[in-house]
Amino acid sequence: MSDETRFYEEGFFEQFERQPRPEFARQLHERLKLEEHVESELIVASESRLIQSEPTDKPAIIHHLSIVESILRTRDEFFAEIREGIGLRQKVASMLVSSAVFLAFSGAVLGAGSQSYPVPQMLSSAFKLPILFLITLIICTPSLYFFNLLFQSRQTIWQAVALIMTAVTTTSVLLVSFAPIMLFFLTAAGDYNFLKLLTVAVYGISGVMGILFLRQGMAASVDADNPDGREARRAIFMGWIVLYAFVGIQMAWTLRPFIGAPNSGFEIIRTGTRTNFYENIIDSATDFFNGD
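Reference entry: report on the structure contained in this document. (Residues numbered from 1 in each chain as written. Predicted model: local features only at pLDDT ≥ 70, side-chain atom pairs only at ≥ 80, totals over all residues. Heavy atoms only, no water.)

Attention now moves to the packing of helix H7 (residues 88-111) against helix H9 (residues 157-177). Close contact between H7 and H9 brings their axes to 8 Å; oriented N to C, the two are set at 25°. Between H7 and H9, the angle falls in the class roughly parallel. Judged by the sense of rotation from one axis to the other, the crossing of H7 with H9 is left-handed. Here Leu88, Arg89, Val92, Met95, Leu96, Ser98, Ser99, Phe102, Leu103, Phe105 and Ser106 of H7 come into contact with H9, specifically with Trp158, Gln159, Val161, Ala162, Met165, Thr166, Val168, Thr169, Ser172, Val173, Leu175 and Val176. (Axes fitted to C-alpha atoms, helices over the stretch in contact; angles between N-to-C directions. Helix = DSSP H or I, 4+ residues; strand = E, 2+ residues; numbered from the N terminus. Parallel < 35°, antiparallel > 145°, perpendicular 65-115°, else oblique. Left-handed = near helix turned anticlockwise from the far one by under 90°. Contact = heavy atoms within 4.5 Å.)

Rendered as structure tokens:
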């Protein structure tokens, strides 16, 4: 059917027959241009769906790791999809796999700093570091979800998990980016106190950046335009960040060692020490600056 016939059937010409010819021609041109734009958008969307539905030759692990690019490069679209509930389980699964791989690699780098038993310590740390983040996630996620639910949150449990996994995945990627620096100092520097302080600094910076990504995700979440209980949810989120940090630190202390103390035997889990993480770091900083 031609455009002219279609416009006659829709009453387009009758609607504008009394208007001046230049005005009529302008509106006719605008309508044709709009319909061409809509048609082209539909074609692009259809082609995009066809491409996504086509089988890929990429290995499964590569497919999971590719989600990192979506988080870092197109975070606005990624958070919008979480907001709309698009592919949440697939996203969570891919982030779990990718973060586990990156954290295992980072743990192996830490273990390489062991002077006495590097290979066993690399394997042990590569296994324990993903477990540390997974247990922290399991402990902390329900508190954030249910407390937000008390204050009129519209977020589902899968949306909450996806947003928190965004923080974990971002943290794990940044730890991998620090790996060459860490490996250099772990293998070249002999001061155990310096290595501990460097590890705390690197993991602290990476964790803070992950939390910033989580904050961006929460700002773009389904509750962003929900005024009911908004201030309470913000306060809960800030308190939850502190809880998340404390749980993560305590889990790291419980699952130590990750580097392995010099002149000591290989241990999967160290027991028998009465100090805590904070005392140990203060003592290490004091010894390092005093040259002990």
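What the rule picks out here adds up to 10 aromatic pairs. For the pair Phe277 and Tyr278, a centre-to-centre distance of 5.3 Å together with 85° between the ring planes defines the contact as edge-to-face. Grouped by ring-pair contacts, the aromatic residues Phe184, Phe185, Phe194, Phe288 and Phe289 constitute a single cluster. One cation-aromatic arrangement involves Lys128 over Phe258; the distance from NZ or CZ to the ring centre is 4.9 Å. Over the face of the ring belonging to Trp253 we find Arg256, whose NZ or CZ atom lies 3.8 Å from the ring centre. (Phe/Tyr/Trp six-rings, centres within 6.5 Å; stacked < 30°, edge-to-face > 60°. Lys NZ or Arg CZ within 6 Å of the ring centre and 35° of its normal.)

What follows is about the pattern of salt bridges. Across all of its chains, the model carries 4 salt bridges by this definition. Between Arg73 and Glu69 there is a salt bridge, with its nearest N and O atoms 3.1 Å apart. With Arg73 and Glu69 both in helix H5 (residues 67-73) and 4 residues apart, the pair spans about one turn of that helix. Between Glu231 and Arg234 there is a salt bridge, with its nearest N and O atoms 3.3 Å apart. Here Glu231 and its partner Arg234 are both found in helix H12 (residues 230-254), 3 residues apart, which amounts to about one turn of the helix. (Salt bridge = Lys/Arg side-chain N within 4 Å of Asp/Glu carboxyl O.)

The subject of this paragraph is the packing of helix H6 (residues 75-84) against H7. It is at 9 Å that the axes of H6 and H7 come closest, and there the two elements cross at 130°. What the angle tells us is that H6 and H7 run oblique. Of the residues in H7, those touching H6 at Phe78, Glu81 and Ile82 are Leu88, Lys91 and Met95. For the contact of H6 with H7, the residue count by class is 4 nonpolar, no polar and 2 charged. (Nonpolar A, V, L, I, M, F, W, Y, C, P; charged D, E, K, R; others polar.)

This paragraph deals with the nonpolar core. Core analysis: the largest hydrophobic core is formed by 48 residues, its most contacted members being Leu214 and Trp240. Of all the secondary-structure elements, those providing two or more residues to this core are H5, H6, H7, helix H8 (118-150), H9, helix H10 (179-188), helix H11 (192-219) and H12. Dropping the residues within four chain positions of it, Trp240 is found in contact with Cys140, Ser143, Leu144, Ile164 and Leu214. (Core = buried A, V, L, I, M, F, W, Y, C linked by side-chain atoms within 4.5 Å. Buried < 20%, exposed > 50% of the residue type's maximum accessible area, 1.4 Å probe, protein only.)

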